[in-house]
Amino acid sequence: MMVNLCAALVPLVLGAIWYNPNLLGKLWGNAITMTHLPPAKLGITVLLTYIAGYYIARSLGAIVIHQYGLHGMLAGDPDLQDKTSALSITVQGLMDKYGHNYRTFKHGALHGVFTGLYLIFPVILVIGLWENKKVGWILVHAAFWILCVTLMGGIVCQYMP
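Cut-offs and rules
Residues numbered from 1 in each chain as written. Predicted model: local features only at pLDDT ≥ 70, side-chain atom pairs only at ≥ 80, totals over all residues. Heavy atoms only, no water. Helix = DSSP H or I, 4+ residues; strand = E, 2+ residues; numbered from the N terminus. Rg over C-alpha atoms; globule rule 2.2 N^0.38 Å. Contact = heavy atoms within 4.5 Å. Lys, Arg positive; Asp, Glu negative; His and termini not counted. Charge placed at Lys NZ, Arg CZ, Asp CG, Glu CD. Axes fitted to C-alpha atoms, helices over the stretch in contact; angles between N-to-C directions. Parallel < 35°, antiparallel > 145°, perpendicular 65-115°, else oblique. Left-handed = near helix turned anticlockwise from the far one by under 90°. Nonpolar A, V, L, I, M, F, W, Y, C, P; charged D, E, K, R; others polar. Phe/Tyr/Trp six-rings, centres within 6.5 Å; stacked < 30°, edge-to-face > 60°. Buried < 20%, exposed > 50% of the residue type's maximum accessible area, 1.4 Å probe, protein only. Core = buried A, V, L, I, M, F, W, Y, C linked by side-chain atoms within 4.5 Å.

A. Representation of the overall build of the chain within the structure. From N to C terminus, the chain includes seven helices and zero strands. Along the chain, helices and strands appear, N-terminal first, in the series α-α-α-α-α-α-α. In terms of overall dimensions, the chain is more spread out than a globule: its C-alpha atoms have a radius of gyration of 19 Å, far above the 15 Å expected for 161 residues. Dimensions of the chain, computed from the C-alpha atoms along their principal axes, are close to 60 × 30 × 25 Å. Of the contacts formed within the chain by residues at least 6 apart in sequence, a portion of 75% connects residues at least 24 apart. In the chain, which carries 9 positive and 5 negative side-chain charges, the distance between the mean positions of the two groups comes to 24 Å.

B. Representation of the packing of helix α6 (residues 105-130) against helix α7 (residues 135-159) in the model. Taken N-terminus to C-terminus, the directions of α6 and α7 make an angle of 150°; their axes are 7 Å apart at the nearest point. Classed by the angle they form, the pair α6 and α7 counts as roughly antiparallel. In this structure, α6 meets α7 at a crossing whose hand is right-handed. Here the residues of the contact of α6 with α7 sort into 20 nonpolar, 10 polar and no charged.

C. The arrangement of the packing of helix α2 (residues 10-18) against α7 in detail. Across the interface, α2 lies against α7 with an axial gap of 10 Å and an inter-helix angle of 140°. Between α2 and α7, the interaxial angle falls into the category oblique. Crossing handedness for the pair α2 and α7: right-handed. The segment α2 lies against α7, with V10, P11, L14, G15 and W18 engaging V140, A143, F144, W145, L147, C148, L151, M152 and I155. The residue inventory of the contact of α2 with α7, partitioned by class, reads 13 nonpolar, one polar and no charged.

D. Focus on the packing of aromatic side chains. Summed over the entire model, instances satisfying the criterion amount to five aromatic pairs. Look at W18 and F144: their rings are 6.1 Å apart centre to centre, the planes differ by 55°, and that puts the pair in the tilted class. On the criterion of sequence distance, the pair formed by W18 in helix α2 and F144 in helix α7 is long-range, its members being 126 residues apart. Assessed through its relative accessible area of 10%, W18 is described here as buried. Here F144 and W145 contribute two aromatic rings whose centre-to-centre distance is 5.1 Å and whose plane-to-plane angle is 80°, an arrangement assigned as edge-to-face. Classification of F144 as buried rests on a relative accessible area of 4%. Under the relative-accessibility criterion, W145 is labelled partly exposed at 24%.

E. Looking closely at the side chain of N4. In this structure, N4 sits in helix α1 (residues 2-7). For N4, a relative accessible area of 7% corresponds to the buried category. Residue contacts for N4: discarding those within four places in its chain leaves Y54, A57, R58, V156 and M160.

F. Just the nonpolar core, in detail. If you look at the biggest cluster of nonpolar residues, it comprises 23 residues, and the most contacted ones within it are I124, F144, C148, M152 and V156. When residues of this core are traced back to their parent elements, those giving at least two are α1, α2, α3 (39-64), α6 and α7. No other element matches the 10 residues that α7 contributes to this core. Excluding residues that lie within four positions of it along the chain, I124 makes contacts with W137, I138, H141, A142 and W145.

G. Up close: the environment of M1. Here M1 is to be found in the segment before α1. For M1, a relative accessible area of 63% corresponds to the exposed category. Taking the C-alpha atoms as reference points, M1 and P161, separated by 160 residues in sequence, lie 9.2 Å from one another.

Below you can see the structure in the form of structure tokens.
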């Protein structure tokens, strides 16, 4: 859970850099319209962004950590809960031998990129098209979220126990 709480900070920290008019925001000035939020709304926006980031990080675990697939496939089997059953012993043996395979930041980031390209980008594209946004708007936000899930995927894959 702590890993997800840390990964949830990525959209806030990266967003502060990406959309800051004094930093990268100048590059995107014509593509996006930034408005300043009143202080009361800023607090709730930061809180909800953090909560959304947490749920994104939780979801990425199933995508970037292959070992979740084994447990997900067998989760409903009561023998998995019995530590003396053949199934439980087999699963534990597999986890002992292969449980650390592909558990690196680099591997999680790779899956994060694919998640960004094949899931996040299409969602932002459809929203942008239906809201008649400029291509630049779509690309700015898609690139931001692709980078976010790349970093978040790396963090979750490397550090999730």
